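Summary of the model geometry
Here is what each chain is made of, one letter per residue.
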Amino acid sequence: VQLQASGGGLVQAGESLRLSCAASRSISSISVMGWYRQAPGKQRELVAAITNGGGTDYADSVKGRFTISRDNRNNTVYLQMNSLKSEDTANYYCNADDLRTIYWGKGTQVTVSS
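The following refers to the structure shown. (Residues numbered from 1 in each chain as written. Predicted model: local features only at pLDDT ≥ 70, side-chain atom pairs only at ≥ 80, totals over all residues. Heavy atoms only, no water.)

1. Notes on the nonpolar core
Core analysis: the largest hydrophobic core is formed by 31 residues, its most contacted members being Met33, Trp35, Leu79, Met81 and Tyr92. Among the elements of the structure, β1 (3-6), β3 (17-23), β4 (32-38), β5 (45-51), β7 (66-71), β8 (76-81), β9 (90-97) and β11 (108-113) are those that each provide at least two residues to this core. (Core = buried A, V, L, I, M, F, W, Y, C linked by side-chain atoms within 4.5 Å. Buried < 20%, exposed > 50% of the residue type's maximum accessible area, 1.4 Å probe, protein only. Helix = DSSP H or I, 4+ residues; strand = E, 2+ residues; numbered from the N terminus.)

2. A few points about the state of the cysteines
Tallied over the entire structure, the rule returns 1 disulfide. Put simply, Cys21 and Cys94 are joined by a disulfide, and their sulfur atoms are 2.0 Å apart. Note on the Cys21 and Cys94 pair: the S-S dihedral is about -85°, so by sign convention the disulfide is left-handed. One end of the pair, Cys21, is in strand β3; the other, Cys94, is in strand β9, with 73 residues separating them in the sequence. Here the two residues Cys21 and Cys94 agree in accessibility, since each one is buried. (Disulfide = S-S within 2.5 Å.)

3. Description of the pattern of salt bridges
Pairing of side chains with opposite charge becomes possible as their charged atoms draw close. What the rule picks out here adds up to 6 salt bridges. Between Arg37 and Glu45 there is a salt bridge, and its shortest N-O distance comes to 2.7 Å. Residue classification places Arg37 among the buried positions, given a relative accessible area of 6%. Judged by relative accessible area, which is 35%, Glu45 ranks as partly exposed. Put simply, Arg100 and Asp98 hold a salt bridge, and the shortest N to O gap is 3.8 Å. Taking relative accessible area as the criterion, Arg100 reaches 74% and is therefore assigned exposed. (Salt bridge = Lys/Arg side-chain N within 4 Å of Asp/Glu carboxyl O.)

Interpretation note: all reported values are geometric properties and have no functional meaning in isolation.
Shown next as structure tokens:
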């Protein structure tokens with residue numbers, strides 16, 4: 001499956017962004033869809049993940065501010081990011097895990113100015 005992330009940009013601290021990840025095929029059978037991020041000089045880290053049953057998991061740093069959702073009908077996963085902080089600045093990547101293969105999309109840059 002190919003993944004295309006979009007929705008990144010430059011915002012001020014406290015503002016919101018919504019990232020989208022469009023998959024090239026149905027995601028209804030994909031067990032886990034996730035968003036990761038990587039800031040310069042840092043390791044890639046999990047931001048949020050959602051199972052095909054709707055279960056979610058979040059990094060402690062984004063709990064209460066970010067919400068992940070998936071639209072299996074439109075083969076898209078979203079990441080709603082509110083109350084953005086400068087430390088959220090990173091390249092955000094979409095990820096799909098069908099328990100056999102892990103797929104990565106190209107990132108979308110999010111820059112938060114303080």
